[in-house]
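Per-entry structural report
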Amino acid sequence: MKIVARIAILLLLVGVGTAALVGGFHWAVNSAAGPLTAERTVVIPKGSTLPEIAAQLAEAGVVVHPLLLRAAAQVYDPEQPLRSGEYAFATGSTVAQVLELLRSGRTVVRKLTIPEGLTTLQVLQRVRNAEGLDGEIAVTPAEGSLLPATYPYSYGDSRAAMIETMSRTMRQTINKLWANRAPNLPLNTPEEAVTLASIVEKETGVAAERARIAGVFINRLRLGMRLQSDPTVIYAVANGTGPLGRPLTLADLRTENPYNTYRNAGLPPGPIANPGRAALLAVLQPAATDELFFVADGSGGHVFARTYDEHKVNVSRWRALQADDGTASEGEGGN
């Protein structure tokens, strides 16, 4: 009987010890705060194995020991894979929280903002410089085919996919706006609307002016007047690379180029930049106006005129302001 009692006591102790061990493991995985004292972002490369992920997170200070993470991954939901990507681990994340995040695929959402009015070459440069995007851009999209906006992406997403998203968003946007355009516009296709919108985009940074400037250009197109837009000349002289870096000259205005709207009637052959939704809307829903001219007012906006005589007075004022500032420019939008 004494032997049986001793065996029973030994088995009981083993059971208690095992229960304590299991309980300790459960506590270490689910309740023990991790070593992070501040949020930390870690990129898990594609194809990483469980031991590699555990070692990387231990080295990054996300977990105390890689063996604990490996054991927990094999005990709790072992059929759920750990996904690659960029993850932001919160302060004091438990092992269970680390595993849940890795299995969820809730990677860090990055954002790339493309301002209105950039040329396609400028947009492509921003995409190439965006941290975390991967791959090359094999094909240069057409000017005006990329919608300026803020685009979310994850680490490792492809640059080509980002460009395709911008292109698709532009197509969807212009098609929707074109379907609801004002009647009797002197624009035959959505492409022509994008071209005019790109000019409006480059003419003003004042949101309240877009529809009014669009109205001026629409009036000029109806009357067969040349648009005489400085940004089209800049695009021609700079070969679509971006800003000219100097004031326009009379020689620039006389440049023989299809995009020079001082020398050529109607719209240029295509867009001179990538216009935003607001500029597209301004062109397709322009202000009702009888104005035909505008020139800078020296404060970032423009002053408008219905007649050439009125416009000449406004131009004189603008040139006086330029003389006071020591700057010079030969052209005025909507001459």
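Rules behind the numbers
- Residues numbered from 1 in each chain as written.
- Predicted model: local features only at pLDDT ≥ 70, side-chain atom pairs only at ≥ 80, totals over all residues.
- Heavy atoms only, no water.
- Helix = DSSP H or I, 4+ residues; strand = E, 2+ residues; numbered from the N terminus.
- Rg over C-alpha atoms; globule rule 2.2 N^0.38 Å.
- Buried < 20%, exposed > 50% of the residue type's maximum accessible area, 1.4 Å probe, protein only.
- Contact = heavy atoms within 4.5 Å.
- Areas by Shrake-Rupley, 256 points an atom, 1.4 Å probe, with all protein chains shown as cover.
- Lys, Arg positive; Asp, Glu negative; His and termini not counted.
- Charge placed at Lys NZ, Arg CZ, Asp CG, Glu CD.
- Core = buried A, V, L, I, M, F, W, Y, C linked by side-chain atoms within 4.5 Å.
- Phe/Tyr/Trp six-rings, centres within 6.5 Å; stacked < 30°, edge-to-face > 60°.
- pLDDT = per-residue confidence, 0-100.
- Polar contact = N/O pair within 3.5 Å; in protein donor to acceptor, adjacent residues only side chain to side chain.
- Pairing = 2+ DSSP bridges.
- Axes fitted to C-alpha atoms, helices over the stretch in contact; angles between N-to-C directions.
- Parallel < 35°, antiparallel > 145°, perpendicular 65-115°, else oblique.
- Left-handed = near helix turned anticlockwise from the far one by under 90°.

1. What about the overall build of the protein?
Secondary structure assignment for the protein yields 12 helices and 6 strands. Here the C-alpha radius of gyration of the protein, 32 Å, is well above what a compact globule of 335 residues would show, namely 20 Å. Dimensions of the protein, computed from C-alpha atoms along their principal axes, come out at roughly 120 × 45 × 35 Å. Considering the protein as a whole, with its 335 residues, one finds that 42% of them fall into the buried category. Long-range contacts, defined as pairs at least 24 residues apart, comprise 64% of the intrachain contacts of the protein with a sequence gap of at least 6. Carbon and sulfur atoms form 55% of the exposed surface of the protein, whose accessible area is close to 17,600 Å². Across the protein, the centroid of the 31 positively charged side chains sits 6 Å from that of the 31 negatively charged ones.

2. With respect to helix α9 (residues 230-237)
The element α9 is largely enclosed, with a buried count of 6 among its 8 residues. Residues of α9 that are buried include every one of Asp230, Pro231, Thr232, Val233, Tyr235 and Ala236, and no others. Buried residues along α9 sit against α7 (190-203) and α10 (250-253). Note on α9: the residue one or two positions beyond its end, Asn239, has a positive phi of about 55 degrees.

3. Some thoughts on the nonpolar core
Counting 47 residues, the largest nonpolar core has Val127, Met166 and Leu187 as its most contacted members. Ranked by the residues each element gives to this core, the list is headed by helix α6 (residues 159-179), at 7 residues. Contact partners of Leu187, with chain neighbours within four places excluded, come to Trp178, Glu192, Ala193, Leu196, Ile218, Leu221, Leu267, Val283 and Leu284. Judged by nonpolar contacts, the second largest core, of 20 residues, contains Leu57, Ala60, Leu101 and Leu102.

4. Observations concerning the packing of aromatic side chains
Throughout the structure, instances matching the rule amount to 6 aromatic pairs. Summarising the aromatic geometry, the rings of Tyr87 and Phe89 are spaced 6.2 Å apart at their centres and angled 40 degrees between planes, so their arrangement reads as tilted. By relative accessible area, Phe89 is classed as buried at 1%. Between Tyr235 and Tyr259, the ring centres sit 4.9 Å apart and the planes meet at 50 degrees, which makes this aromatic pair tilted. On the criterion of sequence distance, the pair formed by Tyr235 in helix α9 and Tyr259 in the loop between α10 and α11 (277-284) is long-range, its members being 24 residues apart.

5. So, the confidence of the model for the protein
Of all residues in the protein, 90% attain a pLDDT of 70 or more, and the chain-wide mean is 91. Confidence drops under a pLDDT of 50 for residues 4-17, and excluding neighbours within four residues, the segment shows 0 contacts in the predicted structure.

6. A closer look at the side chain of Asn219
Tracing the sequence through the fold places Asn219 in helix α8 (residues 210-223). What makes Asn219 buried here is its relative accessible area of 12%. Only 2.8 Å separates the side chain of Asn219 from the backbone oxygen of Thr289, close enough to count as a polar contact. Aside from chain neighbours lying at most four places away, what touches Asn219 is Thr289, Asp290, Glu291 and Leu292.

7. Some remarks on the pairing of strand β6 (residues 302-305)
For strand β5 (residues 293-296) and β6, the ladder comprises 4 bridges, and the chain directions are antiparallel. Counterpart to Phe294 in the pairing with β6 is Phe304. Where β5 hands over to β6, the hairpin turn is made up of 5 residues, of which Gly298 adopts a positive phi near 90 degrees.

8. Comments concerning the packing of α7 against α8
Two elements in contact, α7 and α8, have axes whose closest approach is 10 Å; the angle formed by their N-to-C orientations is 130 degrees. The angle between α7 and α8 places the two elements in the oblique class. Of the two possible hands of crossing, α7 and α8 adopt the one that is right-handed. Seen from α7, the contacting residues are Leu196, Ile199, Val200, Glu201 and Glu203; seen from α8, they are Arg210, Ile213, Ala214, Phe217, Ile218 and Leu221.

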